[in-house]
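Spelled out from the first residue to the last, the chains are:
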Amino acid sequence: MPRVRLKVGPMPDMEAVAEAFPETVIRFLANYPTDKGVCSVLEIRTDDPDRFIHEALAHWEADTIEILHSDEDTIVVTFEGEPPEGYFVSEDIEYHPTTPVVARDGYLFIEFVMPESKMAALWESLDERNVKYEILSITEGYNVLDSLTARQREILTVAIKRGYYDNPRGCSLTGLADELGVNKSVISGVLHRAEGEIIKDAIGDPRDQ
């Protein structure tokens, strides 16, 4: 299926971030509906996380912001509130963008993998919702690895290096969890979802037939 890459914006809140924190990159890892609108999981890479928390997050318009993780260059937060109008484009066309959606320099960089028959509906929805956008590319082909999150790729890479997929196995889930510093159930869940994406891409999903 074709891959459509879009540059959306400029987005006023992201422009403010880019001006104050020019080296910052924000990745939208997941979105899900809530009673208050949408809750997004964001990974924020910045050279001054403490300053970003106090000067940027404190001024974002949201019902709730919860910091899940913070270290010397990364913040992970949940952000709950009313989404921008462009969020509903994926509902209009019944196709969701691949993750992560990346925000940098005041713009959102979004990719869709969709049938060519859906493209007219995509352009129509973007125009009807007054979304400013630029088409960066439309290419054939799809690499399933691009559908995996950065965390899924990281854990898969460690698992392969440690021989988790060898026969016999070179390490266990417990060993992977210890190396990565997370709970074994988290490792199991991340690997299961990543393996599911790769397997369904390889042999298809019978439920779609």
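Every chain begins its residue count from 1, and numbering advances along the sequence as written. Only residues with pLDDT of at least 70 are given local features in this predicted model, and only at 80 or more are side-chain atom pairs given and counted; all residues enter the totals for whole chains, interfaces and linings. Each side-chain value is derived from all of the structure's non-hydrogen atoms; neither hydrogens nor water enter the calculation.

### With respect to helix H5 (residues 150-161)
Quick reminder: α-helices carry 3.6 residues per turn. Residues three or four places apart thus point the same way.
Phase 1: Only DSSP runs of H or I covering at least 4 residues are called helices, and only runs of E covering at least 2 are called strands; the numbering of each starts at the N terminus. Expected helix span is taken as 1.5 Å per residue step, with the number of steps being one fewer than the number of residues. Look at H5: 17 Å from first C-alpha to last across twelve residues, which is about the 16 Å you get at 1.5 Å a residue.
Phase 2: Accessible area is worked out with a 1.4 Å probe on protein chains only. A residue is then buried under 20% of its type maximum, exposed over 50%, and partly exposed in between. For H5, the set of buried residues is Gln152, Ile155, Leu156, Val158 and Ala159. In an axial view of H5, the angular spread of the buried residues amounts to 165°, which keeps them on one side of the axis. Across from the buried face of H5, at angles greater than 90 degrees, the exposed residues are Ile160 and Lys161.
Phase 3: With its phi angle positive at about 80°, Gly163 sits one or two positions after the end of H5. Think of the arc as the fan of directions from the helix axis to the C-beta atoms.

### A closer look at the nonpolar core
Phase 1: Membership of the largest hydrophobic core comes to 31 residues, with the highest contact counts inside it found for Ile26, Ile44, Phe52, Trp60 and Leu122.
Phase 2: Note on contacts: a residue pair is in contact if any heavy atoms of the two residues lie within 4.5 Å. Apart from residues no more than four positions distant in its own chain, Phe52 is found in contact with Val17, Phe21, Thr24, Ile26, Ile44, Thr46, Leu57, Trp60 and Ile75.
Phase 3: Within the second largest apolar cluster, 14 residues are counted, among which are Ile155, Tyr164, Leu176 and Ile187. Nonpolar cores were defined as sets of buried Ala, Val, Leu, Ile, Met, Phe, Trp, Tyr and Cys residues, with membership established by side-chain atoms within 4.5 Å.

### With respect to the sheet that holds strand S3 (residues 37-45)
Phase 1: When DSSP finds at least two bridges between two strands, those strands are taken to pair. Spatial ordering of the open sheet is given by S4-S5-S3-S2-S6-S7-S1-S8, a layout of eight strands whose pairing is antiparallel. The open sheet has two edge strands with one neighbour each: strand S4 (64-70) and strand S8 (133-139). Across the sheet, the mean angle separating the axes of adjacent strands is 20° when strand polarity is ignored.
Phase 2: Bridge count between strand S1 (residues 3-8) and strand S7 (residues 107-113): six bridges; the pairing is antiparallel. Bridged to Val4 within S7 is Phe112. For helices, the axis comes from a line fit to the C-alpha atoms of the stretch in contact; other axes are also lines fit to C-alpha atoms, and the angle between any two N-to-C directions lies between 0 and 180 degrees.

### Examining empty space enclosed by the protein
Phase 1: Cavities and pockets were defined on a 1 Å grid built over protein atoms only: a cavity is a set of grid points that admits a 1.4 Å probe from which the probe cannot escape, a pocket is an open set flanked by protein on both sides within 12 Å along at least five of seven lines, and lining residues are those with an atom within 4 Å of any such point. Grid points are joined across faces, edges and corners, and a volume is the space filled by probe spheres set on the points. Counted under the stated rule, the structure contains one cavity of 30 Å³ or more.
Phase 2: Taken as a whole, the largest cavity holds about 60 Å³ of empty space.
Phase 3: Residue lining of the largest cavity: Met14, Val17, Ala18, Phe21, Thr24, Ile26, Ala103, Arg104, Asp105, Gly106 and Tyr107, and that is the complete set.
Phase 4: Those elements that provide at least two residues to the lining of the largest cavity are helix H1 (12-20) and strand S6 (101-104).

### Some details on the pattern of salt bridges
Phase 1: We define a salt bridge as a side-chain nitrogen of Lys or Arg found within 4 Å of a carboxyl oxygen belonging to Asp or Glu. Scanning all chains against the criterion turns up ten salt bridges.
Phase 2: Arg129 is the salt-bridge partner of Glu85, the closest N and O atoms lying 2.3 Å from each other. Remark: Arg129 occurs in the loop between helix H4 (119-128) and S8 and Glu85 occurs in the loop between strand S5 (74-81) and helix H3 (89-93); sequence separation between them is 44 residues.
Phase 3: For Arg129, a relative accessible area of 23% puts it in the partly exposed group.
Phase 4: Among the ionic pairs, Arg151 bridges to Glu154, the shortest N-O distance being 2.7 Å. With Arg151 and Glu154 both in helix H5 and three residues apart, the pair spans about one turn of that helix.

### Quick word on the side chain of Ser40
Phase 1: Take Ser40: it is sitting in strand S3.
Phase 2: A polar contact of 2.4 Å, which involves the side chain of Ser40, links it to the side chain of Asn31.
Phase 3: Each residue touching Ser40, except ones within four places of it in the same chain, is listed here: Phe28, Ala30, Asn31, Val77, Thr78 and Phe79. Definition of a polar contact: a pair of N or O atoms within 3.5 Å, with one able to donate and the other able to accept a hydrogen when the atoms are protein atoms, and with sequence-neighbouring residues admitted only if both atoms are side-chain atoms.

### Regarding the confidence of the model for the chain
Phase 1: For the chain, the mean per-residue pLDDT works out to 89, and 93% of the residues sit at or above 70.
Phase 2: On a range of 0 to 100, pLDDT expresses the predictor's confidence in each residue. No element of the chain has a lower mean pLDDT than helix H7 (residues 184-203), which averages 84, and none a higher one than S3, which averages 95.

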